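Spelled out from the first residue to the last, the chains are:
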Amino acid sequence: MPHIVAVHTGAGNCSHETNKLLKTLCKQVCDVVSKLLADGQSATDAAVAGTLILEDSPLTNAGLGSSITDDKKTRTEASICSRLSGFHCAGDLENVKHPIKVVKVMVDATLKNSSRYIPPRIMVGQSAVDRYSMLDPTICQTNICTRKSIKAFHKAEKYFSEQQSVKRRKTGPIEVINNMENIKQEELDVKKENKENSTEAPDGVQDTVGVVCLDRDGNLTCTTSSGGSVFKYSGRLGQCCTHGAGSYSTPTCGIVTTGNGEQIINKLLAITVANKLSQCGDPCGILDDCFVEGEQRMCGFLAVQLEGQDRATVHAHHTLTNMVVGFQSGTMEKPVVRVVTSHAPVFIQTVKL
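Residues numbered from 1 in each chain as written. Predicted model: local features only at pLDDT ≥ 70, side-chain atom pairs only at ≥ 80, totals over all residues. Heavy atoms only, no water.

**Quick look at the overall build of the protein chain**
1) Next: The helix and strand tally for the protein chain stands at nine helices and 14 strands.
2) Next: Buried residues in the protein chain amount to 49% of all 353 residues.
3) Next: Pairs at least 24 apart in sequence give 67% of the contacts found in the protein chain among residues at least 6 apart.
4) Next: For the protein chain, the computed accessible surface area is about 17100 Å², with 50% contributed by carbon and sulfur atoms. (Helix = DSSP H or I, 4+ residues; strand = E, 2+ residues; numbered from the N terminus. Buried < 20%, exposed > 50% of the residue type's maximum accessible area, 1.4 Å probe, protein only. Contact = heavy atoms within 4.5 Å. Areas by Shrake-Rupley, 256 points an atom, 1.4 Å probe, with all protein chains shown as cover.)

**Comments concerning the side chain of serine 67**
1) Next: Tracing the sequence through the fold places serine 67 in the loop between α2 (43-56) and β2 (75-82).
2) Next: From its side chain, serine 67 meets the backbone oxygen of glycine 228 in a polar contact 3.0 Å long. (Polar contact = N/O pair within 3.5 Å; in protein donor to acceptor, adjacent residues only side chain to side chain.)

**Some thoughts on the pairing of strand β9 (residues 253-259)**
1) Next: Burial analysis of β9 places seven of its seven residues in the buried class, the great majority of the element.
2) Next: Direction of pairing for strand β8 (residues 247-249) relative to β9: antiparallel, over a ladder of three bridges. From the neighbouring strand, tyrosine 248 faces β9, where its bridge partner is isoleucine 255.
3) Next: The hairpin turn running from β8 into β9, its antiparallel successor, is three residues long. (Pairing = 2+ DSSP bridges.)

**Looking at the pairing of strand β7 (residues 220-226)**
1) Next: Burial analysis of β7 places seven of its seven residues in the buried class, which makes it a mostly covered element.
2) Next: Of the two faces of β7, the one carrying Leu220, Cys222, Thr224 and Ser226 and the one carrying Thr221, Thr223 and Ser225 are both buried.
3) Next: Where β2 meets β7, six bridges bridge the pair, whose relative direction is antiparallel. Within β7, the position partnered with glutamate 77 by the bridge is serine 226.
4) Next: When strand β6 (residues 209-214) meets β7, the two strands line up antiparallel, connected through six bridges.

**So, helix α3 (residues 99-112)**
1) Next: Helix length check: α3, at 14 residues, gives a terminal C-alpha distance of 20 Å against a target of 20 Å (1.5 Å per residue), a fit within 8%.
2) Next: Of the residues making up α3, those classed as buried are Pro99, Ile100, Lys101, Val102, Val103, Lys104, Val105, Met106, Val107 and Thr110.
3) Next: Along its buried surface, α3 packs onto α2, β2, β3 (86-94), β4 (122-124), α4 (125-133) and β7. (Expected span 1.5 Å × (residues − 1).)

**Points about the packing of helix α1 (residues 16-38) against α2**
1) Next: Closest axis-to-axis distance for the α1/α2 pair is 9 Å, and the angle between their directions is 155°. What the angle tells us is that α1 and α2 run roughly antiparallel. Where α1 crosses over α2, the handedness of that crossing is right-handed. Along its contact with α1, which presents Leu25, Gln28, Val29, Val32, Val33, Leu36 and Leu37, the element α2 presents Ala43, Ala46, Ala49, Gly50, Ile53 and Leu54.
2) Next: Taken together, the residues that form the contact of α1 with α2 break down as eleven nonpolar, two polar and no charged. (Axes fitted to C-alpha atoms, helices over the stretch in contact; angles between N-to-C directions. Parallel < 35°, antiparallel > 145°, perpendicular 65-115°, else oblique. Left-handed = near helix turned anticlockwise from the far one by under 90°. Nonpolar A, V, L, I, M, F, W, Y, C, P; charged D, E, K, R; others polar.)

**Structural notes on the nonpolar core**
When a protein is soluble and globular, its nonpolar side chains tend to lie buried together.
1) Next: Membership of the largest hydrophobic core comes to 24 residues, with the highest contact counts inside it found for Ile4, Leu302 and Phe327.
2) Next: Only β1 (4-13), β6, β7, β10 (299-307), β11 (311-318), β12 (322-329), β13 (336-341) and β14 (346-352) provide two or more residues apiece to this core.
3) Next: The contacts of leucine 302, once residues within four sequence positions are left out, are Ala6, Val7, His8, Val212, Gly254, Ile255, Val256, Val314, His315, Ala316, Met323 and Val325. (Core = buried A, V, L, I, M, F, W, Y, C linked by side-chain atoms within 4.5 Å.)

**Considering the environment of threonine 331**
1) Next: Checked against the element boundaries, threonine 331 lands in the loop between β12 and β13.
2) Next: Looking at threonine 331, the relative accessible area reads 48%, which means it is partly exposed.
3) Next: As for threonine 331 and valine 351, which are separated by 20 residues in sequence, their C-alpha atoms are 8.6 Å apart.
4) Next: Ignoring any residue separated from it by four or fewer positions in sequence, one finds threonine 331 in contact with Lys352 and Leu353.
5) Next: A polar contact is formed between the side chain of threonine 331 and the side chain of serine 329, at a distance of 3.1 Å.
6) Next: Within the local environment of threonine 331, its side chain forms a polar contact with the backbone oxygen of lysine 352, the two atoms lying 2.6 Å apart.

**Structural notes on the sheet that holds β10**
1) Next: Overall, antiparallel pairing links the five strands, which are arranged β8-β9-β10-β11-β14 in an open sheet. The strands lining the two open edges of the sheet, one partner per strand, are β8 and β14. The mean angle between the axes of side-by-side strands here comes to 10°, regardless of whether they run parallel or antiparallel.
2) Next: Most of the contacts of helix α8 (residues 269-277) go to β9, to which it runs at about 135°, and overall it touches β8, β9, β10 and β11.

Here you go:
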């Protein structure tokens with residue numbers, strides 16, 4: 001039966017060994033999800049199953065091993081966007097390993113609704129956990145920190161502490177010094193001190209993961225899940241919780257994004273790219289067209305665009321160091337997995353469904 005699944009594990013600055021592990025993870029997701037779709041599972045159920053695998057892996061910044069916030073806790077978020085149910089999301093979920101489960105219960109409530117009460121499409125915080133864990137007892141709060149996430153937190157804590165120290169030094173009282181040689185020597189001493197003691201900005205995979213599925217009924221579903229940026233503010237919501245930013249779905253295109261949440265939300269990146277994909281003659285320049293010259297960009301996307309009844313084009317493009325993507329259609333015996341690097345940041349391939 002015609003179907004396809006596409007997945008990415010987030011973008012970031014990863015080592016060769018980490019990329020190998022992420023490629024294996026992508027293959028696992030594609031293999032499991034493709035079999036579910038072939039067996040007649042809906043795009044939503046299959047995409048959720050794939051997202052659960054990503055949330056269970058300590059390699060990603062989703063579920064287990066999610067980034068730690070500035071108050072030393074983990075808060076996760078996720079979303080589901082499909083033609084049938086529309087957009088649903090949940091965020092600021094403290095110590096919830098599988099935020100996608102919370103959103104799935106919300107989707108089911110919308111599809112089954114037969115009362116005058118309109119089920120919510122956005123839920124945040126402890127009320128979301130309390131309400132939906134009653135409907136799905138497997139939704140629970142537990143320690144999801146890993147050695148890797150704790151190490152990343154301490155590195156970020158030191159980095160931002162140093163940045164704040166430098167800011168205070170630059171904005172502190174100005175002393176009047178007549179001797180220009182003393183001023184120059186002081187500047188040299190400060191630069192030397194900063195160089196010796198500075199900490200690099202946090203690195204590694206810190207971005208949202210995503211899955212796009214097309215089932216045999218022609219329904220497209222996009223799922224996203226994230227632990228947010230390391231050392232983020234408590235209560236902050238990322239692109240998963242913004243319709244048209246973290247994900248977007250039309251009858252012919254499903255797209256998920258990854259990267260700096262604030263930039264992605266500001267640009268409503270998912271819907272912007274989806275619209276450009278249907279019009280643009282140069283897919284390689286789509287991401288660049290979303291920003292003005294000189295504007296900072298730290299983001300990427302993975303999209304599946306249907307080409308008629310039996311073909312689809314997989315697009316992946318990012319502006320970071322690398323991004324691991326994978327996909328598998330109903331006519332493929334095994335998935336294709338690629339590390340999209342900064343040297344060749346665009347991946348485009350058309351496949352038969």
